[in-house]
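Given next are the chains, with one letter for each unit.
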Amino acid sequence: MSEAKPFCISKWEVWEAHKRVRANHGAAGVDEQSIADFERDLKGNLYKIWNRMSSGSYFPPPVRTVKIPKANGGARKLGIPTVSDRIAQQVVKSRLEPAVDPLFHPDSYGYRPGKSALEAVGQARQRCWRYDWILDLDIKGFFDNIPQGLLLRAVKKHAPEQWMVLYIERWLQAPVQEEDGQLVPRERGTPQGGVISPLLANLFLHYAFDRWMAKRYPQLPFERFADDAIVHCRTEAEAQEVRAAIAARMRECGLELHPEKTKIVYCKDDDRRRTYPNEKFDFLGYTFRPRRSKNRKGKYFINFSPAVSDKAVKKIRTEIRSWNLHLRSDKRIEDLSRMFNPIIRGWLQYYGRFYRSALYPPMRQLDRSLAHWAERKYKKLRRHLRRATHWVARISRRDPKLWAHWQMGVRRGSMAGAV
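Residues numbered from 1 in each chain as written. Predicted model: local features only at pLDDT ≥ 70, side-chain atom pairs only at ≥ 80, totals over all residues. Heavy atoms only, no water.

Examining the overall build of the protein chain
Going by this rule: Only DSSP runs of H or I with at least four residues qualify as helices, and only runs of E with at least two residues qualify as strands; both kinds are numbered from the N terminus onward. We call a residue buried when its accessible area falls under 20% of the maximum for its residue type, exposed when it is over 50%, and partly exposed in between, using a 1.4 Å probe and counting protein chains only. Residue contacts are defined here by distance: any two heavy atoms, one from each residue, within 4.5 Å place the two residues in contact. Calculation of accessible area relied on Shrake-Rupley with a 1.4 Å probe; when residues are assessed, cover is drawn exclusively from the protein chains displayed. His is not counted here, nor are the chain ends, while Lys and Arg score as positive and Asp and Glu score as negative. Each charge is placed at NZ for Lys, CZ for Arg, CG for Asp and CD for Glu.
Across its full length, the protein chain holds 14 helices and eleven strands. Judged by the C-alpha coordinates and their principal axes, the protein chain covers about 75 × 60 × 40 Å. Taking all 419 residues of the protein chain together, the buried fraction comes to 50%. Taking the contacts inside the protein chain whose residues are at least 6 apart along the sequence as the reference set, 67% of them involve residues at least 24 apart. Approximately 21700 Å² of the protein chain is accessible, and the part contributed by carbon and sulfur atoms is 49%. Charged side chains in the protein chain number 79 positive and 46 negative. The centres of these two groups are separated by 8 Å.

A closer look at the packing of helix 1 (residues 11-23) against helix 4 (residues 83-100)
The condition that has to hold: Each axis is a line fitted through C-alpha atoms, and for a helix only the stretch in contact is used; angles between axes span 0 to 180 degrees, taken between their N-to-C directions. Should an angle fall under 35 degrees it is called roughly parallel, over 145 degrees roughly antiparallel, and 65 to 115 degrees roughly perpendicular, with every other angle called oblique. The hand of a helix crossing depends on one turn: near helix anticlockwise from the far one by less than a right angle means left-handed, and clockwise means right-handed.
Here helix 1 crosses helix 4 at 110°, and the two axes come no closer than 8 Å. By the angle between their directions, the pair helix 1 and helix 4 is classed as roughly perpendicular. In this structure, helix 1 crosses over helix 4, and the sense of that crossing is right-handed. Across the interface between the two elements, Glu13, Val14, Ala17, His18, Arg20 and Val21 of helix 1 pack against Arg86, Ile87, Gln90, Val91, Ser94 and Arg95 of helix 4.

What to know about unusual backbone geometry
Within the chain, Glu32 stands out as a residue other than glycine whose phi angle is a positive 60°. Inspection of the secondary structure assignment puts Glu32 in the loop between helix 1 and helix 2 (35-38). Unusually for a residue other than glycine, Tyr355 sits at a positive phi of about 50°.

Here we look at the pattern of salt bridges
Where we set the bar: We define a salt bridge as a side-chain nitrogen of Lys or Arg found within 4 Å of a carboxyl oxygen belonging to Asp or Glu.
Applying the stated criterion to the full structure yields 17 salt bridges. Among the ionic pairs, Arg127 bridges to Asp107, the shortest N-O distance being 3.1 Å. With Arg127 in helix 5 (residues 117-130) and Asp107 in the loop between helix 4 and helix 5, the pair connects residues that are 20 residues apart, well separated along the chain. Judged by relative accessible area, Arg127 falls into the buried class, the value being 10%. With its nearest N and O atoms 3.1 Å apart, the salt bridge here joins Arg249 to Glu252. Here Arg249 and its partner Glu252 are both found in helix 10 (residues 236-252), three residues apart, which amounts to about one turn of the helix.

So, the nonpolar core
For clarity, the cut-off: Throughout this description, the term nonpolar core refers to a set of buried Ala, Val, Leu, Ile, Met, Phe, Trp, Tyr and Cys residues connected via side-chain atoms within 4.5 Å.
Met53, Ile168, Val231 and Ile246 are the most contacted members of the largest nonpolar core, which has 69 residues in total. The biggest single contributor to this core is helix 9 (residues 197-216), with eleven residues. One finds Val308, Leu325, Tyr360 and Trp373 within the second-largest nonpolar core, a separate group that totals 52 residues.

Describing the packing of aromatic side chains
One pair of aromatic rings is described through two measures. These are the centre distance and the angle between the planes. Keep this limit in mind: Ring pairs shown here join Phe, Tyr and Trp side chains whose ring centres sit within 6.5 Å, with only the six-membered ring taken for Trp; geometry is labelled stacked below 30 degrees between planes, edge-to-face above 60, and tilted in between.
Taken as a whole and assessed by the stated rule, the structure comprises 25 aromatic pairs. Geometrically, the ring pair formed by Trp133 and Tyr266 is tilted, given 5.0 Å between the ring centres and 50° between the ring planes. With Trp133 in strand 3 (residues 133-138) and Tyr266 in strand 8 (residues 263-266), the pair connects residues that are 133 residues apart, well separated along the chain. A single burial state applies to Trp133 and to Tyr266, both of which are buried.

Describing the sheet that holds strand 10 (residues 286-294)
The criterion, for reference: Only when DSSP finds a minimum of two bridges between them are two strands counted as paired.
Ordered in space as 9-10-11, the three strands form an open sheet in which the pairing is antiparallel. Looking at strand neighbours, the two that pair on one side only are strand 9 (281-283) and strand 11 (300-308), the edges of this open sheet. Between one strand axis and the next, the sheet turns through 50° on average, direction left out of account. As judged from the nine bridges shared by strand 10 and strand 11, these two strands associate in the antiparallel manner. Directly across from Ser293, in strand 11, lies its bridge partner Phe301.

A closer look at a positive patch on the surface
Note the threshold: Nonpolar side chains (Val, Leu, Ile, Met, Phe, Trp, Tyr) within 5 Å and like charges within 9 Å form the patches, drawn only from residues with over 30% relative accessible area and no salt bridge.
Positive charge collects at one region of the surface, where Lys380, Arg387, Arg394, Arg397 and Arg398 lie side by side. Along the chain, Arg394 turns up in helix 14 (residues 385-398).

A short note on the pairing of strand 3
Burial runs high along strand 3: five of the six residues are buried. Where strand 3 meets strand 7 (residues 228-233), six bridges bridge the pair, whose relative direction is antiparallel. Residue pairing across strands places Trp133 opposite Cys233, the latter belonging to strand 7.

With respect to the sheet that holds strand 4 (residues 176-177)
Taken together, the four strands give an open sheet; going across it, the order is 2-1-4-5, and neighbouring strands pair in mixed fashion. Each end of this open sheet is capped by a strand with a single partner; those strands are strand 2 (75-80) and strand 5 (183-184). Direction of pairing for strand 4 relative to strand 5: antiparallel, over a ladder of two bridges. Within strand 5, the residue paired with Gln177 across the bridge is Leu183.

Below you can see the structure in the form of structure tokens.
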């Protein structure tokens, strides 16, 4: 350490941060520099980041705003930092995360090492069987409205080095560049899209929600993934009480529960037969609701459980249509498999974990698209969709490993055979 370099940051840390940012890909920021552009002078660019961060002279550029359409018709604002700034944020995150993550609640699942969304869904599934009610929480504009003063108090309490606080404060105060080029100062929130933002969000909610719940309602379990959370309750009256208490707690912390999206849900099954207005909820791409299930003896019963949500199925169907398989008659079926199997495999691994049969309809749509492709590809199948459908079914039986969804284990035969 020297007067010129008062902050002890190694070049190796900057290099490791670059590798992580590179692996995550990501769009260009306000400077329109892609990762490929950045790497044209990799050594020089990484040296600049290290030199400025270790000397205290690193100041983040504005964050580029991108609007992402939401399923309900609105738009979510993402803040995209530059490649250099993402690397700088990763340097701080890699130092801060080991200091704060061990403090976090075991039922905080979002953006944490060793935790996953599917783990949260599985835990929620188990608890919905034991508790009659859940409170489905929605914090209004969470990332945009976090009070920076409260967040910095938490950062100062846990950051091992003062320079981390300095740079986090600068990131929180960096202006936002809107889509029309206008620069807007930011006084609240942390940009959703920044590398360090999920860790800061978890740190804020650790104090605003997790620790408060553990102290105030230790008997009521919850699952939280970033700002998406559900609380399990024993009675409707208890759920009403907890909702009011959490709303007051959020107001204390400068936040607000969404009045329409926050709701109380009855977990109806064979043992809970009363009827209530809300008997389903969505959590992390899954819809929890009463479903017909079969036990080991082959007897059917009503079970409150998760399956891929209608919103997720709609996105899958839209994605499959966007591939325009019927227009790719220049490709072999093996080529198409190589192009799209990684995406299909991802869907099956995530949405197929619970109640996998809910994925059969969109996967049948995929096989119909393959049948239309075969109809245009081969002369003998032209204008014979039924024959093309049987051709796909034969391929699926002959080579079930060719497409990921052909290995789903449908008892009635291959997916293609069920078209």
